[in-house]
Structure formats: structure tokens, C-alpha cells
Amino acid sequence: MQSAYSLANAKLAEIRERNEAEFARRRSEVRSKCPEYSAVEAQLHAAGLALTRCVLDGAEQLGTIRQSIEKAQTEKKRILKKLDLPENYLDGVYSCERCRDTGFDENGHRCECLKRMISEYIGVNSNMTELMRAQTFESFDFSLFSSQPDVKGRSVLDVIKKAHAMALAFADGFGTHSDNLYFYGDAGKGKTYLSSCVANRVLSKGYSVYYQSAFRLMDIMEKLKFGRYDEEEAPQAEYEAKYAYDTDLLIIDDVGTEFVTAYSSAAMYDLINSRLNLGKNTIISSNLAPSGIDRQYGERMMSRIVGAYKPIPFIGMDLRRMELGRRKKC
Ligand SMILES: [Zn+2]
């Protein structure tokens, strides 16, 4: 996983290369159809050089040079018209006229095209599957949740409505608060779906998101620490480990199901603690209630989470089975 910025730059370089090739093709097309064009081009080139020299030396033939440039330009237009080609056919080929595919405007600021590419790549870097990228607050289906009370007398629908509202407020206010969410409940109750809704909303606002399972995160950190990656795998793992600290929103899924060692427990604490200290937002998704996290990660971690995360319970039927049941009926 490369940084979104370097991916966008590589894409821009690819665009430039493609457009330069198209420009070269147009030039040879015009030259072969109209051999006198080569002379016009040579004239323009020579006059351009003379103009630069003239400006630098402060010489007086400026007017004459400008006249010969104008003459050559008129001749160029005449040739293009004769060939039934647009007037700007040989003015350079650019996908973005504003920055001429450099990615920066005349003031050195990032052009909109570069910003758009970066945010697309931030989405790619989120590590979310295509299915997750399609899960949004708008597509959230409340009809999957029963309004009947569960064994503890709680309405499943009411509980999920509350979770949805809290997640939506978190996502909409992203960038203005340092809140953290702790989703907990058994598998298949909608935790990952709602995490995806938040992630997609936050991504659409231009923030970076990194979604990863606790198992994979700990595995990366432990293997890095003990030098278990080969030369080829190490840069990717290093990037992901750093991204977990740096990303605007980190979503750690499946906390509580992974195998915890003394090292991985300390690494997880350091990650959670560092992000809290930096005011960076995190969502933890777990099968354990916040008060049960000490069994896995110790009391120190539990008190950090209880103090700084909003707990959001998920209850009810297994949604994955219900979805399957629905599909079978169709
Ligand atoms: Zn641009």
C-alpha cells in the first residue's frame, strides 16, 4: 500500500506520458499530410529562442521577433484549417487544462484534479472491500431489525436506531471532535456494516480511513518487531503499521477474537494510547463489552477505553443469516 499522494503522482505521470504520446502522434500526422508544416514549426522554435535571448539581453529587435512569431502562428492556423483540424490541435494535449497535468496551479497550490485523485486513492488505501465501500447510511435497512424485545426486554430496533444515530453524528461531525466509538456485540449484529457507513461518510469528506482487523494489525506489528518479513513484504507492512497511527480514522475490527501475546497487547495499548493523545479518532469493534476488555488486554487498556470511547451495543438476530434467508426466498 503506497501513500495516496505518491499513487496520485504516479497516475499524473502516466496521464502526462499518454498525452505527450498523443501530441507526438498529432505532430507527425500533420507533418505527413502537409510537409511545409515542419518549416513553420522550425520558424516558431527559432523565434521562441530568439525571443528568450532578446528578453534576457534587453535587445531591441523584440518587435521584429514578435512579428515573425505571429506570421508563423497564422501560417500554422492556415495549415490546420486546410487539413480540417481544430485550431488548437497542436497546442499541447492536456487532461486538465488548468494545471496542464502538473497537479499544481500557477500559485503552486494543488490543483482540483490532483486533490480528486488523492481522495480516490485514500479510498483505495482504506483496505475496505468493494462490498464495504457500498455500505452507506442511506442503504442501511432498518427493516432487518425486529421491534420485538430480546430476552433482556430491549427492543432490537430501538437499540440499532440509537447506534445508527450516534454513528451518523460521529461521521457528520468528523474533523470537529475527538470522539471515539466502541461497538460491541456478537458477530452478525451490524457492527461492520455501521463501521462501513461511518468510513464511507468520512472518506467522502476527504479524510483518510484505515480499516483493519485486530488480528492482522497485531500480526503486522509482531512480525515487524521480530523481523519476520522478507525484503519484499517489509515495506508494505511498515507502511500499514505507520498508517494505523497516522490515518484520520482508524477502525479496528474484531477486537477480542485475536490471539494476544505480551508483545501484541503492549503494541495495541501503544496504538490506542498514541491516537488518544494525538486527538485522532478510532472506532473499535468487538465481541467483548468494554468492561470485558481487561481479560484480553489488561486493566490499563480497559480504563483507557472506558474513559475515552462511547460504548454502543449491538443486539438481536444474526443479520448475515437473515440476509441469506431473504435471498433464498427471492
Ligand atoms: Zn489539474
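Residues numbered from 1 in each chain as written. Predicted model: local features only at pLDDT ≥ 70, side-chain atom pairs only at ≥ 80, totals over all residues. Heavy atoms only, no water.

A. Up close: the domain arrangement of the protein. Looking at the protein, the domain boundaries give domain 1 (17-94) and domain 2 (126-329). Computed over C-alpha atoms, the centres of domain 1 and domain 2 are 59 Å apart. (Domains from an automatic or database assignment.)

B. Quick look at the pattern of salt bridges. Following the criterion strictly, the structure yields 17 salt bridges and no others. When the shortest N-O distance is used, the salt bridge between K33 and E29 registers 2.9 Å. You can see K33 and its partner E29 sitting in helix α1 (residues 4-33), four residues apart, about one turn around the helix. What makes E29 buried here is its relative accessible area of 16%. Where salt bridges share partners, they join E22, R25, R26, E29 and K33 into one cluster. (Salt bridge = Lys/Arg side-chain N within 4 Å of Asp/Glu carboxyl O. Helix = DSSP H or I, 4+ residues; strand = E, 2+ residues; numbered from the N terminus. Buried < 20%, exposed > 50% of the residue type's maximum accessible area, 1.4 Å probe, protein only.)

C. Structural context of the coordination of the zinc ion. Summarising the metal site, the zinc ion is bound by the protein donors C96 (SG), C99 (SG), C111 (SG) and C113 (SG), whose distances to it range over 2.3 to 2.4 Å. Because the angles between the four donor atoms bound to the zinc ion fall within 102 to 114°, the donor set is best described as tetrahedral. If you list the donors of the zinc ion from N- to C-terminus, the spacing comes out as C-x2-C-x11-C-x1-C. Overall, C113 belongs to the buried group, its relative accessible area being 7%. (Donors = N, O, S within 2.8 Å, 3.2 Å for Na, K, Ca; no water. Tetrahedral: all angles 85-135°; square planar, octahedral: opposite > 155°, others 65-115°.)

D. A look at the packing of α1 against helix α4 (residues 112-125). Put simply, α1 and α4 touch, their axes get as near as 8 Å, and they point 125° apart. Comparing the axis directions of α1 and α4 gives the class oblique. Between α1 and α4 the crossing geometry is right-handed. For the pair α1 and α4, contact is made by A4, Y5, L7, A8, K11, L12 and I15 and by L114, M117, I118, Y121, I122 and N125, respectively. Classifying every residue of the contact of α1 with α4 by side-chain character gives 11 nonpolar, one polar and one charged. (Axes fitted to C-alpha atoms, helices over the stretch in contact; angles between N-to-C directions. Parallel < 35°, antiparallel > 145°, perpendicular 65-115°, else oblique. Left-handed = near helix turned anticlockwise from the far one by under 90°. Contact = heavy atoms within 4.5 Å. Nonpolar A, V, L, I, M, F, W, Y, C, P; charged D, E, K, R; others polar.)

E. How the structure looks around the packing of aromatic side chains. For the structure on display, the rule yields 10 aromatic pairs. Here the aromatic rings of F140 and F145 are separated by 5.8 Å at their centres, their planes lie at 5°, and the arrangement is stacked. For the pair F140 and F145, one class covers both residues: buried. Each member of the aromatic cluster is reached from another via a ring pair, and the members are F140, F142, F145 and Y193. Its guanidinium or amino end placed over the ring of Y269, R300 lies 3.7 Å from that ring's centre, counting from NZ or CZ. (Phe/Tyr/Trp six-rings, centres within 6.5 Å; stacked < 30°, edge-to-face > 60°. Lys NZ or Arg CZ within 6 Å of the ring centre and 35° of its normal.)

F. Fine view of the pairing of strand β4 (residues 281-286). Here β4 lies mainly inside the structure; six of its six residues are buried. Burial of β4 is two-sided: the residues N281, I283 and S285 facing one way and the residues T282, I284 and S286 facing the other way are all buried. Looking at chain direction, strand β1 (residues 181-184) and β4 are connected through four bridges and run parallel. From the neighbouring strand, L181 faces β4, where its bridge partner is I283. Two strands pair when backbone bridges link them, and strand β3 (residues 249-255) and β4 are joined in this way by five bridges, in the parallel orientation. Each bridged residue has a counterpart across the sheet, and for V255 the counterpart in β4 is S286. As a crossover connection, the stretch from β3 through helix α10 (residues 262-277) into β4 is right-handed. (Pairing = 2+ DSSP bridges. Right-handed = clockwise from strand over helix to strand, strands pointing away.)

G. Quick look at unusual backbone geometry. The backbone of N127 sits at a positive phi, close to 70°, despite the residue not being glycine. Position of N127 relative to the elements: it lies in the loop between α4 and α5 (130-133). Its identity is not glycine, yet D254 carries a phi of approximately 60°, on the positive side. Looking at the secondary structure, you find D254 in strand β3. Judged by its relative accessible area of 40%, D254 falls in the partly exposed class.

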